[in-house]
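Descriptive analysis of the structure
Listed here are the chains, written in short residue letters.
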Amino acid sequence: MVFGVIGLLALLLGYIGFERLLRVRPGTAHDPYDVIYFDLQLFVLGAEPLQEPGPYPWQLQVARFAAPLFTLLAVAEASRLLLAAEIRRLRARRARGHALVCGDSQFAHMLADRLFADGERVVVVRSEPFGPLEYRRRRYLGVIGDPTSAEVLRGAGLPQARTIYACTDDDDRNHAIANTASRLIQDRRQPPGVYVQVHDPEMCLSLQARRLGAAGSSRLRLDYFHVDDVAARALHRHHPLPPAPGRPTKVLIAGGGTFRRALLVETARHWRARRTDTRSGELLTPLRVDLVAPDASTELALAASRYPFLTTVCQVSAYDLDLDGLVGLDQLGTGRYDRIYICAPDESSGLQFALDTPALWQGAESSVFVPVYRQAALATAFHGDVRHDLLDEVHGKLRLYPVLTRACDARLIAEDLTERLARQIHDRYLHAQQRAGVRPGDAPAMVDWSRLPESLRRANRAHVQDIAAKLLDLGCVVAPRHGSTGDASAAGQAIDDRIDELARLEHERWCRERRGEGWTYGEPRDDVRRRHPALRPWDELPPGVQEQNREGIRALPDVLSDSGFELIRLTPAVPAQRRGPGDGT
């Protein structure tokens, strides 16, 4: 702005000054084009009429200093921008421990902004150029180029990145980014986490199954995520579902949008976790869920076959009605739902329905939630702070839930399949130990996952990553669960046939891991000196410890089933022995 004012002022005063100077000088013929030419020469210190001595008009005196000043400032600013771009490229290439976000999508931009706001060092790789104002506003490093190119990713500091997010609008490009990342970080002792966005939820689950079966062959921490799954987990963290005093808690999920399945499953998980989390210790009654959609019965059958715990935690009723038929549902008038979700396939029509249907507001004890993807700004207009609430929330009854905004939570994305399975294995261990009489806090491992030491978390993650090797031994693979389509009995028989061998192999893997962290055999257990009584050969273990390892292997189908997977028996067991770097001779 200042540059423009100085330049325009110099140009205007220069024209007026030259016009007056040439008019009073004898024998000087000129026309307007000559005046403009001389005026422009002021900016390069070479105006011909100034070669003769003055005096000059005051306008020309000001212009002959202002014009060179504008030139010098313009050169300085151009140099600054060029050097700043070069410095940014150098900083990006030399970055360490940063988050690398690849993609031009709206989600990629929102995720990068959220990471930066959370204090992360962020480098963004995208195809569209960054503008100078965007650099200044966003304040993180940017690299322009093809995010699937090894050279571009190397220039973004990928070999030293802590976390990598592939978030383009094209799934195949996201897979290409993961492939390139795998090649560039092969030699790192602690490779980064690579999180690949997949836009189809069924494909995402299938790829997670295939990754789980290959995790043992790669040290790369790789997972696939869908924004609906992440946002559904975030919903119950931001808006937990409280139990209704003196009666069953009731929830209505209406519509056939993609968010419906993730919402139903995560609501059941959330309620299962709360059932044993009451202060009185009394178990909560099953959550009552009414599912309303043209395909509600089909959806319920599919969801229940994939997630068996769903029908044990919830009492789900299906009504094959569209949204318009929801208004005539008897339960809406008499049921007094504790929460209502409107998950229409078209978010605009679903939002319009929620805004124009007072029966929804009257039928909800607390809130009517409407998931939105493209209308995050409208959600902010409804639910800003006290000073910036632009729209009425119907006494707090109406809540727009911005799916993409809530899915931009790095902590929830990092709770990938490996993390969730590891946490479930730990939870099963806690319950088994408590049933055996061990009280919480009696041992370092007898605490909730959030308070578990990182070394023990790594041990559980390593157990999950070794599932691939166990499946190879069993001749089984992991696949998305489809009810009775899999041969669960064959997989279970394969486990029973080799339970002792698999338990022994798991114990040997655990011993290698413990010794790699400096632990040695010793009695009693001493966590300060890193001594453990179970660090000895399988045949020397007490029967109780051996049975604990067997129970961990037997629980494998149930652990996978909770995440929507099942074991499929393909071939006879593979008899090959697995030996690690810590095995003795």
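Residues numbered from 1 in each chain as written. Predicted model: local features only at pLDDT ≥ 70, side-chain atom pairs only at ≥ 80, totals over all residues. Heavy atoms only, no water.

**A look at the overall build of the protein chain**
Looking only at helices and strands, the protein chain features 26 helices and 16 strands. Within the protein chain, the proportion of its 585 residues that are buried is 48%. Total accessible area computed for the protein chain in this model is approximately 29200 Å², and 55% of it derives from carbon and sulfur atoms. (Helix = DSSP H or I, 4+ residues; strand = E, 2+ residues; numbered from the N terminus. Buried < 20%, exposed > 50% of the residue type's maximum accessible area, 1.4 Å probe, protein only. Areas by Shrake-Rupley, 256 points an atom, 1.4 Å probe, with all protein chains shown as cover.)

**A short note on the pairing of strand E16 (residues 565–569)**
Along E16, four of the five residues are buried, which leaves the element largely enclosed by surrounding structure. When strand E13 (residues 476–480) meets E16, the two strands line up antiparallel, connected through five bridges. Residue Val477 lies in a different strand from E16, and its bridge partner there is Ile568. (Pairing = 2+ DSSP bridges.)

**A word on the environment of Asp146**
With respect to the helices and strands, the residue Asp146 is situated in the loop between strand E3 (141–144) and helix H6 (150–155). For the pair Asp146 and Cys102, spaced 44 residues apart in the sequence, the C-alpha separation amounts to 9.2 Å. Residues contacting Asp146, with those up to four places away along its chain left out, are Val152 and Arg173. A distance of 3.0 Å separates the side chain of Asp146 from the side chain of Arg173, its partner in a polar contact. (Contact = heavy atoms within 4.5 Å. Polar contact = N/O pair within 3.5 Å; in protein donor to acceptor, adjacent residues only side chain to side chain.)

**Some words on the packing of helix H9 (residues 227–238) against helix H10 (residues 259–275)**
Look at H9 against H10: their axes get within 9 Å of each other, and the N-to-C directions meet at 40 degrees. Comparing their axes, H10 and H9 come out oblique. The chirality of how H9 crosses H10 is right-handed. Residues Asp228, Asp229, Ala231, Ala232, Arg233, Leu235 and His236 of H9 form the contact with H10, whose own contacting residues are Phe259, Ala262, Leu263, Glu266, Thr267 and His270. The residue makeup of the contact of H9 with H10, split by class, is six nonpolar, three polar and four charged. (Axes fitted to C-alpha atoms, helices over the stretch in contact; angles between N-to-C directions. Parallel < 35°, antiparallel > 145°, perpendicular 65-115°, else oblique. Left-handed = near helix turned anticlockwise from the far one by under 90°. Nonpolar A, V, L, I, M, F, W, Y, C, P; charged D, E, K, R; others polar.)

**Focus: the sheet that holds strand E11 (residues 364–372)**
Spatially, six strands are ordered E9-E8-E7-E10-E11-E12 in an open sheet, and the strand pairing comes out parallel. Looking along the sheet, the strands with just one partner apiece sit at the ends: strand E9 (314–319) and strand E12 (398–402). Taken pair by pair, the neighbouring strands of this sheet meet at an average axis angle of 20 degrees, ignoring direction. As paired strands, strand E7 (residues 250–254) and strand E10 (residues 337–342) are joined by four bridges and run parallel to one another. What sits directly across from Ile253, in E10, is Tyr341. Sitting on the sheet, H10 touches E7, strand E8 (287–292), E9, E10, E11 and E12, and the angle it makes with E8 is about 175 degrees.

**Regarding the side chain of Gln197**
Residue position: Gln197 is located in strand E5 (residues 193–197). With residues near it in sequence (within four places) discarded, Gln197 still touches Phe107, Ala166, Cys167, Thr168, Asp171, Asn174, Phe225 and Val227.

**Digging into the pattern of salt bridges**
Using the criterion set out here, one finds 39 salt bridges in the structure. Between Arg461 and Glu419 there is a salt bridge, and its shortest N-O distance comes to 2.7 Å. Taken as a pair, Arg461 in helix H21 (residues 454–465) and Glu419 in helix H20 (residues 417–435) lie far apart in primary sequence, 42 residues in all. A relative accessible area of 12% means that Arg461 is categorised as buried. Arg498 serves as the salt-bridge partner of Glu501, at 2.7 Å between the closest nitrogen and oxygen. Taking the relative accessible area as the measure of exposure, Glu501 reaches 22% and is therefore partly exposed. What makes Arg498 buried here is its relative accessible area of 12%. (Salt bridge = Lys/Arg side-chain N within 4 Å of Asp/Glu carboxyl O.)

**Here we look at a nonpolar patch on the surface**
Together, Leu11, Tyr15, Ile36 and Leu40 make up a nonpolar patch on the protein surface, roughly 330 Å² of accessible area in all. Of all elements in the fold, only helix H1 (2–24) and helix H2 (32–41) reach the threshold of two or more residues within the nonpolar patch. With respect to the secondary-structure elements, Leu40 resides in helix H2. (Patch = residues over 30% accessible without salt bridge, like charges linked within 9 Å, V, L, I, M, F, W, Y side chains within 5 Å.)

**Regarding the side chain of Gln208**
In this structure, Gln208 sits in helix H8 (residues 201–214). Residues contacting Gln208, with those up to four places away along its chain left out, are Asp223, Tyr224, Leu417, Arg420 and Phe565.

**Here we look at the nonpolar core**
Membership of the largest hydrophobic core comes to 95 residues, with the highest contact counts inside it found for Phe107, Tyr165, Ile253, Phe259 and Leu560. Top contributing element to this core by residue count: H10, with seven residues. In terms of nonpolar packing, the next biggest core, distinct from the first, is built from 28 residues, Ala92, Leu158, Ala166 and Ile185 among them. (Core = buried A, V, L, I, M, F, W, Y, C linked by side-chain atoms within 4.5 Å.)

**Re the layout of surface pockets**
Approximately 1400 Å³ is the volume found for the second largest pocket. If you trace the second largest pocket, you find 44 residues lining it, with Tyr429, Gln433, Trp510, Gln548 and Asn549 closest to the centre. Listing elements by their share of the lining of the second largest pocket, those giving two or more residues are H20, H21, helix H24 (499–516), helix H25 (543–554) and helix H26 (556–562). If one sorts the elements of the lining of the second largest pocket by residue count, H25 sits on top with nine residues. For the lining of the second largest pocket, the class distribution of residues is 22 nonpolar, eleven polar and eleven charged. (1 Å grid on protein atoms, 1.4 Å probe; cavity = no way out; pocket = protein on both sides within 12 Å on 5 of 7 lines; lining within 4 Å. Points joined across faces, edges and corners; volume = space filled by probe spheres on them.)

**Topic: the confidence of the model for the protein chain**
Residue-level pLDDT values for the protein chain average 84, and 88% of them are 70 or greater. Within the protein chain, helix H5 (residues 132–138) has the poorest average pLDDT of any element, 59, and strand E4 (residues 163–166) the best, 96. Within the model, pLDDT remains below 50 along residues 575–585, and this stretch shows 17 contacts once partners closer than five positions in the same chain are excluded. (pLDDT = per-residue confidence, 0-100.)

**Details of the pairing of strand E1 (residues 99–102)**
Of the two faces of E1, the one holding Ala99 and Val101 and the one holding Leu100 and Cys102 are both buried throughout. Here four bridges tie E1 to strand E2 (residues 122–126), and the two strands are oriented parallel to one another. In the sheet register, Cys102 faces E2, and the bridge partner there is Val125. Viewed along the sheet, the connection from E1 through helix H4 (residues 106–117) into E2 turns out right-handed. (Right-handed = clockwise from strand over helix to strand, strands pointing away.)

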